Every structure is written in C-alpha cells, then in structure tokens.
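Given next are the chains, with one letter for each unit.
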Amino acid sequence: MDDVTEKREYTDDYQDKTLYIPGPTEVREDVIEEMCQPMFGHRMDRMTDLYTTIVEDTKEFLGTDNDLMILTGSGTEIWESSTLNLVDENILVPTCGSFSERHANVAERLGKNVDRIEYEWGQAIKPEDIREALESSDEHYDVVATVMNESSTGVRNPIEEIGDVVAEYPDTYFVVDAVSALGGDYVDIDEHNIDVIFASSQKAFAMPPGLAICTVSDAAYERELSKDSASWYGGFQRALDYYDRKGQTHSTPAIPIMLAYRKQMKYMLEEGHDGRDQRHREMAEYTRDWAYEHFDMFPEEGYESQTVACIENTQGIDVAATIEEVSEKYDMAFSNGYGSALGEKTFRIGHMGEHDVESIKALTDAIEDVAGL
Ligand SMILES: Cc1ncc(COP(=O)(O)O)c(C=O)c1O
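From a predicted model like this one, the values you see are computed outputs, not experimental measurements.

(A) Region of the structure containing the environment of isoleucine 311. In this structure, isoleucine 311 sits in strand β12 (residues 308-312). For the pair isoleucine 311 and aspartate 16, spaced 295 residues apart in sequence, the C-alpha separation works out to 25 Å. Dropping the residues within four chain positions of it, isoleucine 311 is found in contact with Thr287, Trp290, Ala291, Phe295, Asp296, Met297, Phe298, Lys345, Thr346, Phe347 and Ile349.

What follows is the structure, given as structure tokens:
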C-alpha cells in the first residue's frame, strides 16, 4: 500500500471548541477529571466495585430488567457481535441512511444473507413494511436490525411500533442501534421486545468515547448459547457470565473512561430517563422552530430526531465556510451534512448530552451572525 498519510505532530496548542456535532459531545469538567486517577488492576476488588456500580446504575437509569454489558470499544462493535451472536443465515435490515447501511454491510461482510428494505435518505422506516417483509418473505429472519436515530439524516425511527411487530415473531430477535439516541430519547426497552439495544458513550450519555453500552434479553442470551460461531470479544454470554461470576469484564477495560462513566451516570440517575427525555425534546423543538424560521428540516415530518437536527440548507449558505467561521469566531463546532450527497445540502446540530436550550441558542445566534440570517 502506498503511504499517503504523513505524520502531523500533535501539539499542546489547540483551542477548545464547544461541541454541537453529533458526538462526541460536551463532557462535564468534573467527569473529565475523574479520569485522572492512578491506575488500578482490573482484577482488584476496586474494579468489581466500579463495574458493578456502572452496570447496575445504567440498568436503573434505563429501567430495564434485561442484562447489560459495558464493553471497551464503541457501538460499531455491537453491529458485529450482535450479528455473530444471533444470526445463522438471514437478517432483515431496513436502511434509511449511512449508519443503517453500514449495519447491513457489516452483516454482509460476516457472510450473512442480508435483505434490505431501502428508504430514501430522510424517510423513516415504517412498521407496516417490516410486517409485510416478515409475513411475505420465504426466508426466516433471525434478526430485524433497526437504527433508532439515523444520525446521517436526523430521522428518529418508530422502533417501539417496529418492536411490537417483531414481537409477533418469537424466533426473530430485535436489535436496535440506538448509538446516538439512548440517554437523550426515552425508550421502554422491555415493553417493546427489544432484545438488544446499544449506544456509544460519547453521544447522549455525554461521556468520553471508548465504551459501548448494550442490553441483552434472556431470549437473546439463550439464542447465543445455541450458536457455535458467536463473537468472542463481543459475545453476550462471555461478558454476562463473567459479570455474574466476578462482577468484572472478561478482558482489561478502559478503566479511566469507566471512572468518568460512574460519575456521569450518577448525574444521569439524578435527572432520570424521563427528565433527560424532556430536556432533549425541548432542545429539539427549539432547534426545529429555528430551522423552520430560516431553513427547512430534512427528515420526513413527524420523524425528526430528538438528539440530532438535520437542517436542509434551503438558503444555499456556504455550509463549510459557515462552520469554519463559527469555529474561529465563537469556538463552537457543528457539522456539515453527511457525506458528499448531503455535505452542503444539509447541516447538523447535535443537541444532545449536557446541552440545554440556552446553549443551543448560543449556537444558533452564532450561525445567524456568521451567515447573516
Ligand atoms: C446511528 C449510529 N450508529 C453507529 C455509529 C457508530 O458508532 P461508533 O463510531 O461509536 O462506533 C454511529 C456513529 O456516529 C451512529 O451515529
């Protein structure tokens, strides 16, 4: 392979930016400070205290009776492991943007037969299409895999209704990629038959990147036991059994990030799943109103994300230049549209994590100023 990347020496001289990108997002100062502690061993009692605390606190926050693992890595790992753990042959993946497409590509790479239901970018997945596919296909689907919040298009899919449909097919498992939603958008996991739902720590949990959070139903755990080709690193059984026996992780975890997690999860418990949902809804509504005043929203109406606004650039502003100038002048970072197709046609504001309406307004004021709105 040709070496095209040259070393660019990291300096200690970077201006901090307030993050309004769809992750990583802002992390509280005292949560960051938690990471600066002397190391300890991952087989020490202190680790058991730390890991059992973060696992049980997260279950309490999410209000689920399902098991939960917190794995060093990121959400991407769970695309791979949930496919290996649950799918023998066939997986149904509705695609409506870049991340759901990638989920389908991962399953294909793992040698599975992937049936897609393809939606135009910006459109939401419809429960009746899932029902139709499950009813009419000659295939038996081991898994229906759905993205909750398609971060590339700002669409929030109706995973609750889709879960109710999949519940009618007891041998089909329901896997939800909630990477950019969980922690900022309420979901009743147990009520809607969600066998596996996962998130990355750097999104609405407002933690540093490096951990994947994943809940696993009893049925999904049992299903993996019957398979001989399950994931090793991301195996549900290995992680959950190790937790049951030792209260620790099967391999050495990112201890500093787990220390930060513990602190942040206490804040999340204080605010509650409902409280965070409410605050994120207010931010989403504010951003939407602002977008309608100056631009338009990209997602199909009624399916707008609660954590990432994807705004259609109806004014034809120079998105890249605006991002650059807002960064220079205000030290705030927001995102262009996803990929070359949406890069200038849309832009995205991550209103997730620890932001509130006031801090989102600071960004929209800055955009107004720079873009002359
Ligand atoms: C919906 C969705 N799924 C999966 C991923 C991949 O997550 P990670 O980069 O944390 O592995 C992302 C990342 O932005 C995402 O937005």
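(B) Quick peek at the sheet that holds β12. Here we have 4 strands laid out as an open sheet, ordered β11-β12-β15-β14, and antiparallel in their pairing. Lying at the two open borders of the sheet, with one neighbouring strand each, are β11 (296-297) and β14 (335-336).

(C) Layout of the domain arrangement of the chain. With domains assigned, the chain is organised as domain 1 (18-26 + 272-371) and domain 2 (30-269). If you average the C-alpha positions of domain 1 and of domain 2, the two centres end up 26 Å apart. Between domain 1 and domain 2, the residue contacts involve 27 residues of the former and 34 residues of the latter. A buried area of about 2400 Å², summed over both sides, lies between domain 1 and domain 2, and 56% of it is on carbon and sulfur atoms. Interface area lost by domain 1 to domain 2 is led by His273, Tyr303 and Tyr338, which between them contribute 30%. Joining domain 1 to domain 2, the criterion identifies 1 salt bridge.

(D) Just the pattern of salt bridges, in detail. Counted according to the given criterion, the structure contains 20 salt bridges. The partner of lysine 126 in a salt bridge is glutamate 300, and the shortest N-O contact between them spans 3.0 Å. Here lysine 126 is found in the loop between β4 (113-118) and α5 (127-136), whereas its partner glutamate 300 is found in the loop between β11 and β12, with 174 residues between them in sequence. Across the pair, exposure class does not vary: lysine 126 and glutamate 300 are buried alike.

(E) Local environment of the site of the ligand. Neighbouring the ligand are 13 residues; Ser74, Thr76, Ser151, Asp177 and Lys203 lie closest to it. A distance of 2.5 Å separates an oxygen atom of the ligand from a polar side-chain atom of serine 74. In the model, an oxygen atom of the ligand is placed 2.4 Å from a nitrogen or oxygen of the serine 151 side chain. Compared with its free state, where it exposes 390 Å², the ligand has 87% of that area covered by protein.

(F) Seen up close, the nonpolar core. Ranked by internal contacts, the top residues of the largest apolar core, which has 77 residues, are Tyr51, Met69, Ile70, Ile130, Val196, Phe205 and Tyr261. When neighbours within four sequence positions are excluded, tyrosine 261 is seen to be in contact with Ile54, Thr58, Ile70, Phe205, Met207, Leu211 and Ile213. Core analysis: the next-biggest nonpolar cluster, separate from the first, contains 22 residues, Tyr286, Met297, Ile311 and Leu363 among them.

(G) Seen up close, helix α8 (residues 236-246). Those residues of α8 that fall on the buried side of the exposure criterion are Phe236, Ala239, Leu240, Tyr242 and Tyr243. Seen along its axis, α8 keeps its buried residues to an arc of 155 degrees; they face one direction. Across from the buried face of α8, at angles greater than 90 degrees, the exposed residues are Asp244 and Arg245. Looking at the buried side of α8, the elements it contacts are α2 (45-62), β2 (67-72), α3 (75-86), β9 (196-200), β10 (211-216) and α7 (218-225).

(H) Representation of a negative patch on the surface. A contiguous patch of negative charge, built from Asp65, Glu161, Asp164, Asp190 and Glu191, is present on the exposed surface. Tracing the backbone shows aspartate 65 in the loop between α2 and β2. Owing to a relative accessible area of 72%, aspartate 65 belongs among the exposed residues under this scheme.

(I) Layout of the packing of aromatic side chains. Overall, the coordinates contain 7 aromatic pairs when judged by the stated rule. Judged by centre distance (4.7 Å) and plane angle (35 degrees), the rings of tyrosine 10 and tyrosine 14 are tilted. Geometry around tyrosine 267 places arginine 28 over its ring, the cationic atom sitting 3.7 Å from the centre. Lying across the ring of tryptophan 232, arginine 238 places its NZ or CZ 3.8 Å from the centre.

(J) Molecular detail of unusual backbone geometry. Residues glycine 23 and proline 24 are joined by a peptide bond in cis, for which omega reads -5 degrees. Take proline 24: it is sitting in the loop between β1 (18-19) and α1 (29-33). Here the phi dihedral of asparagine 193 falls at roughly 60 degrees; this positive angle occurs in a residue that is not glycine. In this fold, asparagine 193 is placed in the loop between β8 (173-177) and β9. Judged by its relative accessible area of 26%, asparagine 193 falls in the partly exposed class. Of note in the backbone geometry, aspartate 331 takes a positive phi value of approximately 55 degrees without being a glycine. You can see aspartate 331 is positioned in the loop between α10 (319-330) and β13 (332-333).

(K) Molecular detail of the packing of α7 against α8. With their axes 9 Å apart at the nearest point, α7 and α8 run at an angle of 115 degrees to one another. Classified by the angle between their axes, α7 and α8 sit roughly perpendicular to one another. The residues of α8 that touch α7, namely those facing Ala220, Tyr221, Glu224 and Leu225, are Phe236, Gln237, Leu240 and Asp241. The class makeup of the residues in the contact of α7 with α8 is 5 nonpolar, 1 polar and 2 charged.

Calculation criteria
Residues numbered from 1 in each chain as written. Predicted model: local features only at pLDDT ≥ 70, side-chain atom pairs only at ≥ 80, totals over all residues. Heavy atoms only, no water. Helix = DSSP H or I, 4+ residues; strand = E, 2+ residues; numbered from the N terminus. Contact = heavy atoms within 4.5 Å. Pairing = 2+ DSSP bridges. Domains from an automatic or database assignment. Buried area = accessible area lost by both parts, 1.4 Å probe. Salt bridge = Lys/Arg side-chain N within 4 Å of Asp/Glu carboxyl O. Buried < 20%, exposed > 50% of the residue type's maximum accessible area, 1.4 Å probe, protein only. Near = heavy atom within 4 Å. Polar contact = N/O pair within 3.5 Å; in protein donor to acceptor, adjacent residues only side chain to side chain. Areas by Shrake-Rupley, 256 points an atom, 1.4 Å probe, with all protein chains shown as cover. Core = buried A, V, L, I, M, F, W, Y, C linked by side-chain atoms within 4.5 Å. Arc of directions from axis to C-beta. Patch = residues over 30% accessible without salt bridge, like charges linked within 9 Å, V, L, I, M, F, W, Y side chains within 5 Å. Lys, Arg positive; Asp, Glu negative; His and termini not counted. Charge placed at Lys NZ, Arg CZ, Asp CG, Glu CD. Phe/Tyr/Trp six-rings, centres within 6.5 Å; stacked < 30°, edge-to-face > 60°. Lys NZ or Arg CZ within 6 Å of the ring centre and 35° of its normal. Axes fitted to C-alpha atoms, helices over the stretch in contact; angles between N-to-C directions. Parallel < 35°, antiparallel > 145°, perpendicular 65-115°, else oblique. Nonpolar A, V, L, I, M, F, W, Y, C, P; charged D, E, K, R; others polar.

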